[in-house]
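The chain contents come next:
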Amino acid sequence: MQASSERQQSPGSRAFARPAEDQAELSEALASPMYDWAGPGSTRARLNGLRGQKANHYRRTRSAEGVYIDLEDGRRVLDAVGGAAVACLGSSHPKVTQAMKEQIDKVSYVYNMQLSNQPAEALANKLVATSKGAFEMCGFVSGGSEAMESVIKLGKQYYADIGQPQRVNYIARQLSFHGNSLSTLSLAYHPARRAPYVELLDTKHFHHVSPAYAKRFQKPEETEEQYVERLRQELEDKFIALGPDTVIGFVAETVVGATTGVVPAPKGYFKAMKSVCEKYGALFILDEVMSGMGRMGTLHAWESFGDNASPHIQAVAKGLGGGYAPIGGVLMSKKVADGIKNGSGLWKHGHTYQGQPLACATALAVQEVIETENLLENIRIQGAYLESLLQVGLRGPNALAAPYTFDIRGGGGFWGLEFDFTNASNLDFGKEAFAMRVQARALEHSLVIIGMTGGSNLEGTKGDHLIIAPAYIIKKEEIEKIAAVLVQSIEEVLREAGV
């Protein structure tokens, strides 16, 4: 645990998971297009690539600079998604690489259960100081899944430390994703990613309510306020059904990432959810692994897309280190920090690379570049420009894709495009989903984006969406290229399908 005046110290323990018996979930998810076992871009093909067998759908990277990646086949591609919304500064930023070199010359590793280190403390100070009072302490791990696993354990420890050990339940949402460990898969509800492990998942302590996805699930007769109230009541009903004094907390992605494709909640939603948590003495917890650290145009996504409702605990990762080093963070409010300090006195959690000096020095450099180069303002401006170009290209009066473009949503440097072919039975995309075909076609045109499927219903069996998440350093002319190539790729795939 790291803070302005605190040093990290934390013995570890293991997360707990119980087997589930939901065979129906397994069969249903394995049949989902989200869990494609065959074909050139499939899970099976990816596994073959990991075993060292030749997989021609993967291109090998030779080098990268800024928002461009050079491939071994001689092509230079424009990275419009930063891996998975990670590379917020692009590649090879000189200030970050210099900080990494300097730290290696000083100290590359110490075990944070024995010794603290200056970069970890400086990064903690930075995150606390820029949180506008929301957070008091930080802990650093190696990525998003570790951060959310740590959040789960921290919430349980907090209540043990303040004398409420009966609190053992978490409530999260359907169509969510919180990581790839067994506990985080149990906490979330991403049908395809849960599928291979469903018998091992903990259904006793992890529970789910509806997603906040107005475009799909708000009833025609409901106003936005009525929809939010229905979701608030559903969460409160879940608290009551479980026993209000047994709930540790409610957990949500401030903006849902890959599962549904950049879906913000309706206005007032997070304020309402936090009110339920506070009513029953539970924790309000946000997962900003993907949407945080500037991705939405503000340092924390809840500042602009979460009713400014600060959480009791928050996880961050991708934009923290920008892909230059593997790092994630757990941010703790004063309430939680005081509970730990006045109880056991330490965070009972530990990983080998927790608070790793090189990773922390790197992340600190990334955050300083974002601040000194005014990159949050840049990504807000460029993101708004990107949206305007996509609205014209995909929904304008002459747009070929207009009948099938269900939604264009997002903010800052995080945008989702959802398509709907419910009434287009005449179109034939072959064996591969539309989104995956567009992703492949865009790469042929030297543009890297993400295509995903299965985010349009609770079962994960319908829907196509694309994700764009450019680096915060992106320029106007590069935004124009992203929009032009993306629209071109979409139109080519549609024409080939029979439009």
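Residues numbered from 1 in each chain as written. Predicted model: local features only at pLDDT ≥ 70, side-chain atom pairs only at ≥ 80, totals over all residues. Heavy atoms only, no water.

(A) Just a nonpolar patch on the surface, in detail. A cluster of nonpolar side chains, Leu182, Tyr197 and Leu200, forms an exposed patch at the surface whose accessible area comes to about 260 Å². Its place among the elements puts leucine 182 in helix α7 (residues 182-187). (Patch = residues over 30% accessible without salt bridge, like charges linked within 9 Å, V, L, I, M, F, W, Y side chains within 5 Å. Areas by Shrake-Rupley, 256 points an atom, 1.4 Å probe, with all protein chains shown as cover. Salt bridge = Lys/Arg side-chain N within 4 Å of Asp/Glu carboxyl O. Helix = DSSP H or I, 4+ residues; strand = E, 2+ residues; numbered from the N terminus.)

(B) How the structure looks around the nonpolar core. The biggest cluster of nonpolar side chains holds 124 residues, and the ones touching the most others in it are Phe250, Leu486 and Ile490. A per-element tally of this core places helix α18 (residues 476-497) first, with 10 residues. Residues in contact with isoleucine 490, not counting those within four places in the same chain, are Leu394, Ala401, Phe419, Phe434, Val438 and Leu466. (Core = buried A, V, L, I, M, F, W, Y, C linked by side-chain atoms within 4.5 Å. Buried < 20%, exposed > 50% of the residue type's maximum accessible area, 1.4 Å probe, protein only. Contact = heavy atoms within 4.5 Å.)

(C) Representation of the confidence of the model for the protein within the structure. Per-chain confidence: the protein averages 91 in pLDDT, with 89% of residues scoring 70 or above. Ignoring residues within four places in sequence, the model shows residues 3-23, a span with pLDDT below 50, making 69 contacts including any to other chains. Considering only residues more than four positions removed or in separate chains, one finds that residues 25-56, a stretch of pLDDT under 50, has 46 contacts. (pLDDT = per-residue confidence, 0-100.)

(D) Inspection of the packing of aromatic side chains at higher detail. Enumeration over the complete set of coordinates arrives at 13 aromatic pairs. Ring geometry for tyrosine 269 against phenylalanine 270: centres 5.0 Å apart, planes inclined by 80°, an arrangement best described as edge-to-face. With respect to burial, tyrosine 269 and phenylalanine 270 carry one shared label: buried. Through pairs of rings, three or more aromatic residues link up here, namely Tyr404, Phe419, Phe421, Phe429 and Phe434. A cation over a ring is seen here: arginine 193 above phenylalanine 177, with NZ or CZ 4.2 Å from the ring centre. (Phe/Tyr/Trp six-rings, centres within 6.5 Å; stacked < 30°, edge-to-face > 60°. Lys NZ or Arg CZ within 6 Å of the ring centre and 35° of its normal.)

(E) Quick look at the pairing of strand β18 (residues 464-468). Burial analysis of β18 places five of its five residues in the buried class, the great majority of the element. Burial along β18 is two-sided: Asp464, Leu466 and Ile468 and His465 and Ile467, pointing in opposite directions, are all buried. Looking at chain direction, strand β15 (residues 414-419) and β18 are connected through five bridges and run antiparallel. Bridge pairing links glycine 416 to isoleucine 467 in β18. (Pairing = 2+ DSSP bridges.)

(F) Inspection of the sheet that holds strand β4 (residues 76-79) at higher detail. Judged by pairing direction, the sheet is mixed, and its four strands sit side by side in the order β2-β3-β4-β16 without closing on themselves. Of all strands in the sheet, those with a lone pairing partner are β2 (61-65) and β16 (447-448), marking the two edges. Relative to β16, β4 runs parallel, the two sharing two bridges. By the bridge assignment for β16, aspartate 79 is matched with valine 448.

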